[in-house]
Structures are given as structure tokens and as C-alpha cells.
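Each chain is listed here by its residues.
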Amino acid sequence: MSRIQNTIVGSARKIIGWVPADWLPGGKPDDLIERRVSLGSQMSRVDGENKVRGAARFAAETPMEGLLYAAFVHSTIARGRIVGFSLTKARTAPGVALIMTHENAPRMAPPPPISITNPKAAGNSTLPVMQNAEVHWNGQIIAVVLAETQEQADAAAALVVPNYETATARTDYDAAKAIVSTPDTLMIEKNHLAIGDATKGLASAAVSVDAIYRTPWQWHNPIELHATTVRWDGDNLTVYDANQMIHGTMSSLTAVFSLAKNQVRVISPFVGGAFGAKGLWNHQILAIAAAKLAKRPVRIMMTRAGVYRATGGRSPTEQRVALGADASGRLEAIIHNGYSVKPGHSVCDEAFSLTARSLYRSRTFDIVQHVVELDTVANTFMRAPGEAPGSFAIECAMDELAHAAGIDPIELRRINEPEKDPTHGNAFSQRGLLKAYEIGAARFGWDERSPTPAIRRDGGWRVGMGCATGSFPYLRMAGMSVRLTLSDDGKAIIASGAHEMGMGTTTVQRQHAADRLGLDPADVDVQIGDSDLPFATMAGGSSQTASLASAIMSASEKFATEMLRLAGNDTPLAGLRPRDVVLVNGGFAKIDEPDRFESYTSILRRARRSEISVVGESPAPLELLKFSMHSHSAIFAEVRISDVTGEIRVSRLLGSFDCGHILNPKTATSQFKGGMIMGIGMALSEEALFDARSGRIMNASLSDYHVPVHLDVPEIDVIWTGIPDPRAPLGARGIGEIGITGVAAAIANAVFNATGKRVRELPITLDKLL
Amino acid sequence: MIPFAYHRAGSTAEALELARSGARFLGGGTNLVDLMRQNVEAHSEIIDVSKLPATIVETDEGGLKIDAAVRNGDLAAHPVVRARYPVLARALLTGASAQIRNMATVGGNILQRTRCAYFYDVEGARCNKRRPGEGCDARGGFNRYHAILGGSADCIAVHPSDMCVALAALDATVRLRGQNGERSVPLAAFHRLPGDQPDLETVLETGELITGVELAPMSKGSRSTYRKVRDRSSYAFALVSVAAVLKVDDGRVTEARIALGGVAPKPWRAGRAEAALIGQPALAERFRAAAEAELEASEPLPGNAFKVELAKRTITAVLGDLLETRA
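In what follows, the accompanying structure is described. The structure displayed is predicted, hence computed values, not measured ones.

1. Overview of the overall build of chain B
Across its full length, chain B carries 13 helices and twelve strands. For 327 residues, the compact-globule estimate of 2.2 N^0.38 gives 20 Å, and the C-alpha radius of gyration of chain B, at 19 Å, lies within 12% of that figure. Evaluated residue by residue, chain B yields a buried proportion of 57% over its 327 residues. Intrachain contacts of chain B at a sequence separation of at least 6 include 63% that bridge at least 24 residues. Of the roughly 13,100 Å² that chain B leaves accessible, carbon and sulfur atoms contribute 50%. Separation of charge centres in chain B, based on 41 positive and 38 negative side chains, amounts to 4 Å.

Take a look at the structure:
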């Protein structure tokens, strides 16, 4: 299957290479790149007021009559079988309505796995849910208790006593590394990439570095816990969920419960942070099954510990990066290989080895990654999957090479800036990495950095500066769709089952649709968050904005066609085709004769129509096969390290981004900063402590798993090149994930600059610097 | 959480009366409620003593009498504490968050229980403190936050309170009241070392209530401070913390009271370091030698071996800072 995919993608790239660029989506640059009215302005989030007032209802706040509350019992062994439960105490506890285990759970099909080729699935664990006595990881949900109140459910769940037959579990990484597998593909790329003989290239290089970098398990901690409120009405199911893949979840649920598409509705108007965590996991399936058995609506809001036990985190990685360069710093070899963890039931590779394929030119490459199988909860996507740990390894190695070669780290990147994609040879759609470095270095004061490490001091603190490249691929999903409805009062509604996790989807698409249709933003309403709305692809891979933009573009083309047809001949627009007009001032005007104008309202009223409604869909992203499309950043960090204790403080942080046009500086800055703060956590403190003896995470709480606190976060400076990408709708590439990439490396490089010590294992805790 | 009965005591006498049945006292709830929610502790009856008197009174000699129900936040903000006992104010302010400090009480904080992850993991881990005799999963597991001093084969959990470290250095006494009347215990003798009974954490007897803490006046010319070293800038428990009171006359140390946090099952009074300092010249190398003397007895584990050097450095630096402040 995967090898077939390699062949297909390889052939498609070849064929599309022959197709003229202007035949492909984005072939003709979006005219909104030049014509921005609301786009580019600092509109505040349209959902902001409701959130501040507490009026925005999240999944666990949905009011529902006759609700039962669920609590979960999690396994405490990593592998084995349940040989029965002692349930008497729990059953007779106050308020208990139902206890569900594999012994009485309804029959359900295994959830279909999410994949790049199947947007109609969500969730990346393929195991059947509570269908047998098997335990596959420590923390698996093995019983559901329903009670009249949450407190009663929690109390009763603590009284459930499972009896196990324990089997040998694979929980020791080093032992499991003896047997690894090597996938054929990573996303749409061939896993093993070899260009030239990199081993020879490395051996004959004038300067080289070769080291192992490690990143630990990291866990999602969105402030809103995973939650769902579900109700059956006969055979129809409604699920109010905290979700970033609404349609995928809906489709998966139809498969699990053998229902038709029109029998399941997933609603998720607001999500309190997701970052990859909020797809379909066992908790929704179990809540739905329990609601079916109890014949009552059910709510589950997972505990923080439950999130660590039964939803996935980011796999640890162990990466070897070897770089060789000639005396002038030109790369002769890039070798990047290593391991990530993936249990057999997960479909998510932590694709750290994609990063180096497009960043720098090199005469030779050898890149491949392997899978270590452990008995854990299915690992999953976490902000900038692959790229976050991958950029740590590659960008630390570049810094090491710069130091070894005696070249300024930015200069080394300049020397190795490729003219076209260095591995598959396609042209870049737009690439301004060096520009990002240039403006970032000037603003940050890079020239104050001492090229010799361990020189600068400030009282009892050693001071250092570091930089690193961040990158994230551009992705636009096929099949994202919107319904555009314009009524005779001149107001438009854009509707799609898309997602608002707090990043500003509704705000930015309101700005976009206003500019696209020539309306005032106040006259555009964006409706999202419901699977009854037109099909939406997931909010993942930083793809949602571009995909929605593409769908709205397509809808507006249909809208223009239909409206001009409705306008008929008794109009100043008579005889004009869509390509002859511009959508402006609430109507159509001939491009070169703006006086030939008629408003939408006038056209609709004349046609005796109260409204017009069209559906637009994002076409297949063939431009991704023709062009190399990536966002980039240059991250700059200054750190201070205590002489006495080794404590590390990030004293300054700057992100200089090259992501195409920025659509809303306010929401974009917030998103960049959020990513960079996660990068500080990744660099300095975040690690889920996986106890190899039990396979259990030992710091499953916000007090013990250290995300950055306010005091860890300095003033963060965010700037951008703002150069539009002519191949992307609105000239904009996604910005959701790139913020985290490069940050850990920039901080690690600054630590080296301050101390002369390389820490290649995250997080960089003070004991590593004593 | 298991259902329980809740009483609010209107007076100390009422609290003691209610406690006859073996009920547990509740202060601000910032620790006990957590423990109950996690099923680490289960109590059928809770007596809320947070509404008992909460005054801070200066004694004639210039010390302080602090009621047990005083909130940590209020104690840290008290002008006398800020002026005369900076070690205590700083220790309090490095603990928890502002919201938690506004709830937590002095009495409750003295009884704060360890944050050992294995102690908290009721379902998934073994802990001799929770279930005596079942074994300790921390010793062979993640023990970065565990003891290098005073631990035992059965338990290496550390006492997490910052306030108590300062109180130990200040030679605070804890006032207790029980069915048999009142008594006072030095804070440094209030907590027990685990030995083979890690479930016994203090000398508090059943039904006995902490009613207050007393601080002796600071000697003239002494300086005090607190330094906490941790894995993030705020809202994290100490890897190592040092509370110190130092007095130097004519270049010689005449008073040295040092306590360590994050390294031992109780607020650790560093007697060996103190003994190595008294009467000695106040010099950095003497400070380092005193720290070395204290840590000589340390028994580190793979996950916390770095704390030996970290503690030495922090002690040395804190004493050095106090010396500098004085000059």
C-alpha cells in the first residue's frame, strides 16, 4: 500500500511537473493578494465578547435534560487481560445508573483510522473500543460509570476493582529498539531518501558534526479538557464535542455504530485549544455507547490525568544528525535518521525526518526514520508534528557546524540557501527565509552576539544568543466546502463544518469573505462547528485557513456566475462574464468600467429572489506537487543562565516569520506567540515521565508536567516578511504550527553560546548545566 | 471523592470536641481537598477550622504569635514579617500561586503532604506512606524531586512546604492543643523522618490541633533570606531551597541558622553546616566547607544526584548574599 503510494506520488509529481503552472490551482494569483480591504487589518475576534462574558458554550457546558455524568476507570497494567471485575460496591454507590465494561458494552466496529487519503475519519487508534478483555496500554479505559452527578460517578469509579492477568509489556524503549520497523512512507513522502552517497560525503567533508539528539514524550494540555455531551433520539445521535475534526468524527462514528450519515450530528462551536489532541478518542465512543445502554444523555469531561492516560501525546524521538561541509561551509552531506515511538494501533508517525528535506542545499542526502513499538496509548499529532522535534535536531546541528567551521550561524544558512527544493527539485512558490533572518537579526541585535561561547556575563548570569530556522509545510486540503448564502438585504452567510479552537477562524474568514464579495465585514456571518453544515476537512496541518479560503474562492466564482445569469440583460452588467467583473461595494462592477455596476440586492429583488445559495469546494491541491511550498521562520533567543544553580531564563525571544500574507496581524501575532511559548516549554521544561517499569505516565497533572508559567515567558517580539505566496489563496500560508518550530533549537543554541555546553537532550533542565 | 460530613468549627474548643470522633481538620483546603479528590485520603468527617481566629500579634519581646488560621498570603504581606523575617516572607511568596496562598493557612501548610508522584498515584503505584509495607515505587522510578538526606529504604518523599523551611531556620515553635491541654513543639522537631514508618509524618496526636506558630525575635544585626531553585520560574516545587539566618560580628560568624527544602522528608535543619560556621571567619570558602559538611551524609539516587552539588552551591551562594547585604 505504502509502496504503491510512493509510486503514485512520484508519478504524479512527474506528470504535474509537465503541466503548466497556470493550469493548476493558484496558477493565476488570487486577486485579493493585491486588493485587501478588511484583510490585513487588526479585527478583534468575533467570538471574543461571548467568551469573555461566559456566553460561549463549550462541549461540557451544553445543557441537556436528564443528563447522566460519566467517570472512567483506567487500567493500571500495560498489557494483559481483565479476568473480571468486583463491581458490587460501585453498583450500590449513591446515584449510580450504569456500569459499562467489555462484558456489557454494545458491539461496535473499530474506528477507521485517519489518514492523508481519508479525511472522513478521525482518531488514530485502530483498536476496537471496549470489545474484549485485552489491555493494550497502562491507562486504557476499562470501565465507564454513569451516575446522577459527576461527584457520584467519580466516587463510584474509585470503587470498581478490576482483576487482571498480567502479560509482559513492551514499555522499555531501549529493549524495544532491538526490533524496529521502517515505514515506506511518511505523509506523502518516501521515508528513505537517498541522494548521492552521504556517508562518503560526510567522510570527505572538510568540516563535519555528527551527534544524537533526543526529545521526550510531550503531552497536550489544552486548557479545555476533552469533553463530550451526547444524546440519542431513537437511532439518531447528537454529539456536542470538543473537536478539531468534526466531519471526520461524524463519519467515524457512523462506522463504529453502523449508522447512516444523516443519523449522526457532531456539534463543536467552540474548542478551548486543541493543538492536534482533539480528534476521536475512546471517550466519545464510550460515552455514546453508555448513553445507548442507559437510554439517557451522557456527559464525560475527562480528568487532566485521564487526558494523559487515554489520549495521546507526542512521541519521543532519538535523532542522529550528521552534517558535512566543505571549507567554505557548503554542505556536502546531510544525514538524518533515527527513531520515534508508535504502538501498533497508532497510525501517526512522528515524522521528524521531513524537516531537512527542504531546508538547505546539499550535495548528498541520506534520510530515514524507524519506528519503535511500545505498549502505550496511541501517540498523536501535537503542534507541528515531526517538524517541532525535527527542527530541534537539524537546527542544533547547523549551529554546531557553524561553530566548528567558524562561520556565523546565519551566514551558514545563507551559504546553503537552495534555489529550488533541494531534494525533489521543484521550484519554491515563495521563500523568504533569508529575508526573515535579515530583518530578525537587525531587530534582535544579532551583532551583539559573541561568536565565542561563554564570554558574556551579567552579574551572576551567563548570557548567550542563539538562532534557528523554523519551518512548516504548506497544506491545502481538497474537499473543504462552504455554502455561501446571500440574501436580498445584502447580508452574506458563510457556512462550513469548520473549527474554531480560539485561533480566529471565524474572524479571518469573515474578513476574507467581506473582501471577496465586496461587503462590509459586519454584513458577513461565518457559521461553523456543525457536521450538518457543508463538509469540512480537519483543523490540522495548519491547513484550515487556506482550505477555507480556497472553498470560499470557489463559492464566490459560482456565486458570480449564478448572479450574472440572474441579472439577465436588463442591467448595466448585461453580457458580462464572471471574469469581466469585480465584486465590490455590495455588487458587481465591470473591471475597467466601474460605472457599469449593479448591487446584489438589486439583482436579487429584480429576480424576485429572497436569497441565493451556492456551495464551493476546495479543489485537489495539485500545486503542492508542482511547487515546494513551506512557511519559514528565523527564531532568535537570548538566555541567561545562573552561575550558581544552572537555572535558565529566556530573557528575549523574537520570531521573524515568512508565511506569505498575514491576514489579521492581531490573531496571527497571538498564534505565533502561542506557538513560541510552547517552544519555550519544549526547550526547558516539558516532559511526560513515562515509567518504563509500568508504562505509566507519572506526572499526569498541570502541577507536575511543567508548561511555561508567565514568569518563564519574556516579552516576545513577532515580525514577518509579509511577502505573499502567489500560489496560495490570499497569498497566505498556514501559521498555526510554525510558531513552535525552531524555538527549542534557538534556545539550545543560545545555551551553548552562553556556556559552551551543548545540551542535545530536551528538556534543558538546570542539572544538565551544573 | 468519597462523600463526607462537613462541620465548621466556631471555636477551638468546638473543633476539639468535634474531633473526638477522629475527624480530620480542614484549613484552606489547598492540599487536603486535592488528596481527597485523588483518593489518597478518605475521611468521613471534616472539621473546617479556617474560620478560627486568624491574628498576627507582636510579642513584647519583639517576636510574633501567628494563629494557625492565618492565610499564607496575609502572613507574607504582614509588615513585621516583611521587615524582620524576610526569610519567611520570601519563602511564602515562592510557594504555590497567589490564589492558593490566599486560601492556604499556616496550620494547614505545616501539615502539607509530600508531592511524590507515586504517593499521589493511588491506583497505579506502590507507596509505603499510603499503604505501609507494600513497597516504594519512587526509589527505582522518577526521583528527581526526592530526598538526598534523611530518607529511608521505605520512603524518600520530601516535605514540600516552603514556609516550613523558613520556620525551621527561625526556630519557630508550633502551638498544639488537644484533649489533654496545650503544648509547644519546635517546628524542627514537629515532622518525623520516615524510618520504617513513613506513614507517621508528624508528632501530632490524634485529635490534636495546631493552633499557632511562635517566632522568637531576631537578634540584632542578623540577616535572613530564602532562595528556591526549581524547574520553572514559578509554580513548581523546590529541587533545593535554602533558608538562612546569618549574623557576623568582626568578620566572624556569630549566628548561623540554615534549613533546606526539597532535599529531605522534613524541613531539614542543617546542623552540621551551622556547627562548621559558628565562630569561623565569614568567608566564601568557609561557607562552601559548611555546605560540604552538611551534604556529607547525603544518599543520592540516580535521578537526584545533581541535588548534592546544587544544594552545596545554593547554600554557599545564599550565605554569600547575606554577607554582602550586610556590608
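2. A short note on the interface of chain B and chain A
Contact residues are listed per partner, giving 32 residues for chain B and 32 residues for chain A. Together, the buried faces of chain B and chain A total about 2,700 Å²; carbon and sulfur atoms form 57% of this surface. Ranking the residues of chain B by area buried against chain A places F142(B), R232(B) and S233(B) at the top, with a combined share of 25%. For D767(A), the salt bridge goes to R144(B), with nearest N and O atoms at 2.7 Å.

3. A few points about the packing of aromatic side chains
Taken as a whole and assessed by the stated rule, the structure comprises 16 aromatic pairs over all chains. Their ring planes at 85° and their centres at 5.9 Å tell us that F119(B) and Y120(B) sit as a pair that is edge-to-face. The pair F119(B) / Y120(B) is uniform in exposure class, with both members buried. Ring pairs connect the aromatic residues W217(A), W219(A), Y308(A), F690(A) and Y705(A), which therefore count as one cluster. We note R758(A) situated over the ring of F752(A); from NZ or CZ to the ring centre the distance is 3.7 Å.

4. Some remarks on unusual backbone geometry
Cis peptide bonds are those with omega within 30 degrees of zero, and the linkage from L762(A) to P763(A) qualifies with -5°. Within the secondary structure, P763(A) sits in the segment after α19 (743-755). Phi at F275(A) takes a positive value of approximately 60°, unusual for a residue other than glycine. The residue F275(A) is located in the loop between β14 (264-267) and α8 (282-294) in this model. The phi angle at D171(B) is positive, at roughly 55°, despite the residue not being glycine. For D171(B), a relative accessible area of 40% puts it in the partly exposed group.

5. Some words on the side chain of S556(A)
All names here are of chain A. In this fold, S556 is placed in helix α15 (residues 544-567). Judged by its relative accessible area of 8%, S556 is buried. With near-sequence residues (within four places) excluded, S556 lies in contact with L484, R516 and L517.

6. Points about the nonpolar core
Within soluble globular proteins, side chains that are nonpolar generally end up buried alongside one another. Ranked by internal contacts, the top residues of the largest apolar core, which has 66 residues, are L323(A), F392(A), V639(A), L653(A), F672(A), I747(A) and I764(A). Once residues within four sequence positions are removed from consideration, F392(A) is found in contact with Y213(A), R214(A), T215(A), M682(A), A744(A), A745(A), A748(A), V759(A), R760(A) and L762(A).

7. A look at helix α11 (residues 387-405) of chain A
All names here are of chain A. The first and last C-alpha atoms of α11 sit 26 Å apart over 19 residues, in line with the 27 Å expected at 1.5 Å per residue. The element α11 is largely enclosed, with a buried count of 16 among its 19 residues. Just beyond α11, the residue with positive phi is G406, at close to 70°.

8. So, the packing of helix α18 (residues 665-684) of chain A against α19(A)
Describing two packed helices takes the angle between their axes plus the distance from one axis to the other. Residues and elements named next belong to chain A. Where α18 meets α19, the axes come as close as 8 Å, and the angle between the chain directions of the two elements is 50°. Here α18 is positioned oblique relative to α19, judged by the angle of their axes. Crossing angle aside, the handedness with which α18 passes α19 is right-handed. Touching M676, G679, I680, M682, A683 and L684 of α18 are V743, A744 and I747, all from α19. Classifying every residue of the contact of α18 with α19 gives eight nonpolar, one polar and no charged.

9. With respect to the sheet that holds strand β2 (residues 80-86) of chain A
Strands pair in a sheet through their backbones, by hydrogen bonds, and they do so in one of two ways: parallel or antiparallel. Residues and elements named next belong to chain A. With antiparallel pairing, the three strands of this open sheet are ordered in space as β4-β2-β6. Sheet topology places β4 (134-135) and β6 (161-166) at the edges, where each strand pairs with a single neighbour. Alignment of β2 against β6, held across five bridges, turns out to be antiparallel. The residue bridging S86 from the neighbouring strand is V161, located in β6.

10. Let's talk about the packing of α11(A) against α19(A)
Residue and element names in this part refer to chain A. One can describe the packing of α11 onto α19 by two numbers: an axis separation of 8 Å at closest approach and a directional angle of 35°. The way α11 lies across α19 gives a crossing that is right-handed. When α11 is examined against α19, the residues S391, F392, E395, C396, D399 and H403 are found in contact with a partner set consisting of A744, A745, A748, N749 and F752. For the contact of α11 with α19, the per-class residue count stands at six nonpolar, three polar and two charged.

11. Regarding the environment of V341(A)
All names here are of chain A. Within the secondary structure layout, V341 lies in strand β17 (residues 331-341). Considering only alpha carbons, one finds V341 and A176, 165 residues apart in sequence, at a separation of 9.6 Å. Excluding its chain neighbours within four sequence positions, the residues that come into contact with V341 are Y173, W217, S315, P316, V372, L374 and N379.

12. What to know about the sheet that holds strand β7 (residues 181-186) of chain B
Residue and element names in this part refer to chain B. Taken together, five strands build an open sheet; the order of strands is β4-β5-β8-β6-β7 and the sheet is antiparallel. One side of each edge strand has no neighbouring strand; the edge strands of this open sheet are β4 (56-58) and β7. Sheet twist, expressed as the average angle between the axes of neighbouring strands with direction ignored, equals 20°. Note: strand β6 (residues 173-178) against strand β8 (residues 209-215), five bridges, orientation antiparallel. Looking across to β8, one finds that R175 is bridged to G212.

Rules used in this analysis
Residues numbered from 1 in each chain as written. Chains lettered and ligands numbered in written order. Predicted model: local features only at pLDDT ≥ 70, side-chain atom pairs only at ≥ 80, totals over all residues. Heavy atoms only, no water. Helix = DSSP H or I, 4+ residues; strand = E, 2+ residues; numbered from the N terminus. Rg over C-alpha atoms; globule rule 2.2 N^0.38 Å. Buried < 20%, exposed > 50% of the residue type's maximum accessible area, 1.4 Å probe, protein only. Contact = heavy atoms within 4.5 Å. Areas by Shrake-Rupley, 256 points an atom, 1.4 Å probe, with all protein chains shown as cover. Lys, Arg positive; Asp, Glu negative; His and termini not counted. Charge placed at Lys NZ, Arg CZ, Asp CG, Glu CD. Buried area = accessible area lost by both parts, 1.4 Å probe. Salt bridge = Lys/Arg side-chain N within 4 Å of Asp/Glu carboxyl O. Phe/Tyr/Trp six-rings, centres within 6.5 Å; stacked < 30°, edge-to-face > 60°. Lys NZ or Arg CZ within 6 Å of the ring centre and 35° of its normal. Core = buried A, V, L, I, M, F, W, Y, C linked by side-chain atoms within 4.5 Å. Expected span 1.5 Å × (residues − 1). Axes fitted to C-alpha atoms, helices over the stretch in contact; angles between N-to-C directions. Parallel < 35°, antiparallel > 145°, perpendicular 65-115°, else oblique. Left-handed = near helix turned anticlockwise from the far one by under 90°. Nonpolar A, V, L, I, M, F, W, Y, C, P; charged D, E, K, R; others polar. Pairing = 2+ DSSP bridges.

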